[in-house]
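Coordinates in review
Here's the letter readout for the chains.
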Amino acid sequence: HKGFLKRKAHADIDGKRTPWGKRSWKTFYAMLKGMVLYLQKDDYVKDGQGSDEVLSVHHALAEQALQYTKRPHVFRLQTADWRVFLFEAPTTEQMNSWIGRINLV
Ligand code: I3P
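First, a word on what this report is: a plain description of the structure on this page.

**Quick word on the site of the ligand**
By nearness alone, every residue bordering the ligand is listed as Lys8, Arg17, Trp20, Gly21, Lys22, Arg23, Ser24, Trp25, Tyr68 and Lys70. In this structure, Arg17 approaches the ligand through a side-chain N or O atom, which is 3.3 Å from an oxygen atom. Grouping the amino acids of the shell around the ligand by side-chain chemistry returns three nonpolar, two polar and five charged.

**Considerations on the sheet that holds strand β1 (residues 2–11)**
Hydrogen bonding along the main chain pairs the strands of a sheet, whether they run parallel or antiparallel. Read across the open sheet, the seven strands follow the order β4-β3-β2-β1-β7-β6-β5; overall the sheet is antiparallel. Sheet topology places β4 (52–56) and β5 (61–64) at the edges, where each strand pairs with a single neighbour. This sheet shows a mean twist of 35 degrees between the axes of neighbouring strands, independent of strand direction. As defined by bridge partners, strand β2 (residues 26–33) adjoins strand β3 (residues 36–41) across six bridges and the pair is classed as antiparallel. What sits directly across from Tyr29, in β3, is Gln40.

Definitions and cut-offs
Residues numbered from 1 in each chain as written. Predicted model: local features only at pLDDT ≥ 70, side-chain atom pairs only at ≥ 80, totals over all residues. Heavy atoms only, no water. Near = heavy atom within 4 Å. Polar contact = N/O pair within 3.5 Å; in protein donor to acceptor, adjacent residues only side chain to side chain. Nonpolar A, V, L, I, M, F, W, Y, C, P; charged D, E, K, R; others polar. Pairing = 2+ DSSP bridges. Helix = DSSP H or I, 4+ residues; strand = E, 2+ residues; numbered from the N terminus. Axes fitted to C-alpha atoms, helices over the stretch in contact; angles between N-to-C directions.

Take a look at the structure:
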């Protein structure tokens, strides 16, 4: 399962609010393999720089972010260590597809 996603950090480990300056939206190319979500910065492809991120979705919960109304088709991911991210998918269909896949593992 793969595709472009925009991500915003909402809470860090143990649910602590992600501080100012670290809450902006960033675009990644995302790949879900087993219980691991690989996030590659989209500029990686262009300049060979940039850092990948890896998120375990084991015991994570994904759901549509109904309280977040600034953007459409955004889902909320809560990880087992109580981090919270918002992900904006390109379409509602893709959002639902990511939610389904993440909750399946
Ligand atoms: C954040 C950035 C986000 C914004 C967030 C800001 O600033 O402007 O786009 O979220 O607001 O804190 P920074 O880049 O300095 O982290 P929204 O796009 O959802 O408004 P927030 O603190 O209310 O989450």
